[in-house]
Amino acid sequence: MKKKKFLSMLLALSVFVFLLTGCNSNNKTTTQNEQEGADTPETTEKVVLKFAAQNDNTPATQAAIDAFNGSQNKYEVKWVEMTNDSAQMHDQLLTSLSSGSDEYDILSMDVVWAGEFAGAGFIAPIDAYMSDAGLTKEQYNSGSMASGNFKGKQYTLPFFPDLGLLYFRSDIVSDEDAAKLISGDYAYADLAAMSEKYAGQAGTKYGFLYQSKQYEGLTVNVTEYTKSFADIKGGLEQMYVFTTASYSPKDILNYMEGETHTNFEQGNAVFARNWPYQFGRIKGQEDGVTVKVDQVGIAPLPNGGSVGGWLLGINKNSKNAEGAWEFIQFLAGPEGQKIMSIQGGYLPGFNALLEDQEVIAGNDMLSYEGFKNALSNTIARPVSPEYSKVSDTIQIEAHKYLSSGEGLDAAVEAIQAAIAQ
């Protein structure tokens, strides 16, 4: 009996000790968890933004994305790398956007796509965002901004611009004429007179070269000669003067960029209209290049250079439009553009950076006064929801007239009708 009583007491004591230990353990765990929770900051998952942009063989684009991602805690941009084939990228974006997809939040666009995408309702206007941020169009490259302006609304900011330039042989052209060219205070008629004056000097064959084959480059040149189609008749007449001049190649109507840079780089021409890439070829002394950098000057074109390059816009169906704008504002602003310029060699679309010493040091062309003058006076090709049709009409009509010297009024009328669409 005593033994049973002892065992019962022992069992009760064991249960009591177990319960006491469990309670203490639970209290200890709770206290630890509360303490750990107090020491651990509350974290939230970042909103992912998809950036559809072409491949970049420099570190610049990724570096700019990383800088944005590290600058704030709300958004994380992920780069959807697309092809460098412009036509293929256009079709890929068009397929996605026309289906109403929100798979991309931010779009990188060739300058001639902006009107098409805006007209179709694929991209969102950014005027209100710019106003709220205190930003003005004048802070950015003028031609790039004009390329992204459709029916009075702004849809894009510059990613990186490209532009038409006048190259000239600084070892042939007089200091007085060179200063006039660099200032931009001259007309195509002045250039024609200089071309005739200097052609043949220092072993040259030609006065002036430009792109006049029936392709997109002809639309670009027509834009420049006509002052963005303000004077179509006068512009075409001036093009015809250059096309038929004694100092022009007999086959100039077949000239594209390649024929232009080859002849200028080999010392065959005094003047040439081309893009900034030609300077890189001369500086790098690519195969076949005989002209040296110190023999070359750069100037703005008389009516401004047609802008090329790429723009940034917001997919109208993006569920994160506010974040998309934050990234565009960063990438097109001083910090993002500086990264693109220094690490990638891209031209800045944010005008204040044209005077930034670090940016200038990273891009030799920015040390040329004529180049900076050209960047401050860029113009846009027609901004149209059916740009390809408009461009085709311009090419066909201009080339027909330049080939024969006939049908000027008909060409003017057809081009006017096309750009009015």
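Rules and cut-offs
In this numbering scheme, every chain counts its residues from 1 along its sequence in written order. Local features are withheld for residues below a pLDDT of 70 in this predicted model, meaning they are given only at 70 or higher, and side-chain atom pairs are given and counted only at 80 or more; totals for whole chains, interfaces and linings count all residues. Side-chain numbers come from the whole structure's heavy atoms, not from hydrogens or water. UniProt positions are given in the numbering used here, feature names are shortened, and annotations may be inferred rather than shown by experiment. If DSSP finds at least two bridges between two strands, the strands pair. By the criteria applied, helices consist of DSSP H or I runs no shorter than four residues and strands consist of E runs no shorter than two, each listed in order from the N terminus. Lines fitted to C-alpha atoms define the axes here, with helix axes fitted over just the stretch in contact, and angles between the N-to-C directions of these axes take values from 0 to 180 degrees. Note on contacts: a residue pair qualifies if any of its non-hydrogen atoms lie within 4.5 Å across the two residues. Should an angle lie under 35 degrees it is considered roughly parallel, over 145 roughly antiparallel, and from 65 to 115 roughly perpendicular; all remaining angles are considered oblique. Handedness of each helix crossing follows the sense of rotation of the near helix against the far helix: counterclockwise by less than a right angle gives left-handed, clockwise gives right-handed. The classification used treats Ala, Val, Leu, Ile, Met, Phe, Trp, Tyr, Cys and Pro as nonpolar, Asp, Glu, Lys and Arg as charged, and all other residues, Gly among them, as polar. A residue's pLDDT is the confidence the predictor assigns to it, expressed on a 0 to 100 scale.

- Taking an unreviewed UniProt entry as the reference, the chain is identified by name as Carbohydrate ABC transporter substrate-binding protein, CUT1 family belonging to Schinkia azotoformans MEV2011.
- Of the comments in the UniProt record for the chain, the one headed Sequence similarities (unreviewed entry) reads "Belongs to the bacterial solute-binding protein 1 family."

1. Side note on the sheet that holds strand S10 (residues 296–299)
In step 1: Reading across from one edge, S8-S9-S7-S10 is the order of the four strands in this open sheet, with mixed pairing throughout. Of all strands in the sheet, those bounded by a partner on one side alone are strand S8 (206–209) and S10. Between one strand and the next, the sheet's axes are offset by a mean angle of 15°, whatever the strand orientation.
In step 2: Across four bridges, strand S7 (residues 165–169) lies against strand S9 (residues 269–274) in antiparallel orientation. Its bridge partner lying in S9, leucine 166 is registered against arginine 273.
In step 3: In this fold helix H11 (residues 257–265) packs onto S7, S8, S9 and S10, with an angle of close to 150° to the strand it touches most, S9.

2. Quick notes on the packing of helix H10 (residues 232–244) against helix H18 (residues 408–419)
In step 1: Close contact between H10 and H18 brings their axes to 10 Å; oriented N to C, the two are set at 125°. Considering their axes alone, H10 and H18 lie oblique with respect to each other. As for how H10 packs across H18, the hand of that crossing is right-handed. Every residue of H18 that contacts H10 at Ile232, Lys233, Leu236 and Glu237 is listed here: Leu408, Asp409, Ala411, Val412, Ile415, Gln416 and Ile419.
In step 2: A per-class count over the contact of H10 with H18 returns seven nonpolar, one polar and three charged.

3. Points about the confidence of the model for the chain
In step 1: When pLDDT is averaged across the chain, the result is 91; 90% of the residues are at 70 or more.
In step 2: A low-confidence stretch, residues 1–41 stays under pLDDT 50, and its non-local contacts, those more than four residues away or across chains, total zero contacts.

4. Some thoughts on the side chain of threonine 156
In step 1: By secondary structure assignment, the location of threonine 156 is in the loop between strand S5 (153–154) and strand S6 (157–163).
In step 2: Apart from residues lying up to four places away in sequence, threonine 156 is in contact with Met109, Ala114, Ile123, Ile126, Ser144, Met145, Gly148, Leu311, Leu312 and Gly313.

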